[in-house]
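# Results of the structural survey
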Amino acid sequence: GAVVSQHPSRVICKSGTSVKIECRSLDFQATTMFWYRQFPKQSLMLMATSNEGSKATYEQGVEKDKFLINHASLTLSTLTVTSAHPEDSSFYICSAKFVGPYNEQFFGPGTRLTVL
Amino acid sequence: QKEVEQDPGPLSVPEGAIVSLNCTYSNSAFQYFMWYRQYSRKGPELLMYTYSSGNKEDGRFTAQVDKSSKYISLFIRDSQPSDSATYLCAIYTGNQFYFGTGTSLTVIP
């Protein structure tokens, strides 16, 4: 299957700082990438859909000024958590849509964010 | 009504058992069906995908789609402790993805 990488895998930061998470599709081009948030033992919660070269589409209830998404190229999307607070601590997962017969989503390994 | 419904479990089976995981969906226009496996603290891993009614087999895994009943299943034969994970069904409409809540599976040695 196609490979999606995510960096960093784990980050601990102080409250009030900003954190950037990168998502890369390594062996395919992805015009569409997705950002999810997952709390322990809960399912994926879609935060936003990132389209290369255009503004991200945010799901209802997700603050776009807090979670900045940039999809600058066909292989890279970034999520920046601005002015992070402890309640932003979570597991953030990106995925990339593979344009093929089934349009599968391939997921990155996730980033665990802990805000102190 | 949610677009995709999945029993969260947890499901616990002995090693070697046949496991059946199921999802129902609401919209008959849904086209593509996928199953993901997620180990604890890891991203989901695509297991199988299909778009037609019927069965698709890959090793010990069989994905089944019944479009008339709007029901999809994943069967795991000869289950192993390494199959212990959360399994998510996913449906792509051609425009949007919908995920089930995931079923937590534990295979007991």
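In every chain, residue numbers begin from 1 and rise along the written sequence. Here every chain gets a letter starting at A, and every ligand a number starting at 1, in the order they are written. Only residues with pLDDT of at least 70 are given local features in this predicted model, and only at 80 or more are side-chain atom pairs given and counted; all residues enter the totals for whole chains, interfaces and linings. Side-chain calculation: all heavy atoms of the structure are included, whereas hydrogens and water are not.

## Let's talk about the overall build of chain A
Think of it this way: any DSSP run of H or I at least four residues long counts as a helix, any run of E at least two long counts as a strand, and we number them from the N terminus. Helix and strand counts for chain A come out as zero helices and 11 strands. Per-residue burial for chain A yields a buried fraction of 51% across its 116 residues. Residues count as neighbours in contact if any of their non-hydrogen atoms are within 4.5 Å of one another. Taking the intrachain contacts of chain A between residues at least 6 apart in sequence as the baseline, contacts between residues at least 24 apart amount to 54%. Note that accessible areas follow from Shrake-Rupley with a 1.4 Å probe, and for residues the cover is restricted to the protein chains shown. Accessible surface, chain A as shown: approximately 5700 Å² in total, 52% of it carbon and sulfur. The centroid of the 11 positive side-chain charges in chain A is displaced by 6 Å from the centroid of its 9 negative side-chain charges. Only protein chains enter the calculation, and the probe is 1.4 Å; a residue is then buried if its accessible area is under 20% of its type maximum, exposed if over 50%, and partly exposed in between. Charged residues are defined narrowly, with Lys and Arg counted positive, Asp and Glu counted negative, and His plus the chain ends left uncounted. Positions of charges follow a simple convention, taking NZ of Lys, CZ of Arg, CG of Asp or CD of Glu.

## What about the interface of chain B and chain A?
By a widespread convention, an interface's size corresponds to the accessible area lost as its parts come together. Listed as interface residues are 18 residues of chain B and, on the opposing side, 19 residues of chain A. When chain B packs against chain A, the two sides together hide about 1600 Å² of surface, and 62% of this comes from carbon and sulfur. For salt bridges, the criterion is a side-chain nitrogen of Lys or Arg within 4 Å of an Asp or Glu carboxyl oxygen. The interface formed by chain B and chain A includes zero salt bridges. Polar contacts here mean pairs of N or O atoms no more than 3.5 Å apart (in protein, one a potential hydrogen donor and the other a potential acceptor; neighbouring residues in sequence count only if both atoms are side-chain atoms). At the surface where chain B touches chain A, the tally comes to five residue pairs in polar contact (both at pLDDT 80 or more). Where the side of chain B that touches chain A is concerned, the elements lending two or more residues are strand 4 (32-38), strand 5 (45-50), strand 9 (85-92) and strand 10 (97-99) of chain B. If you tally residues by element for the side of chain B that touches chain A, the top one is strand 4 of chain B, at four residues. Note on definitions: buried area is the accessible-area loss of two parts on being combined, 1.4 Å probe, summed for both.

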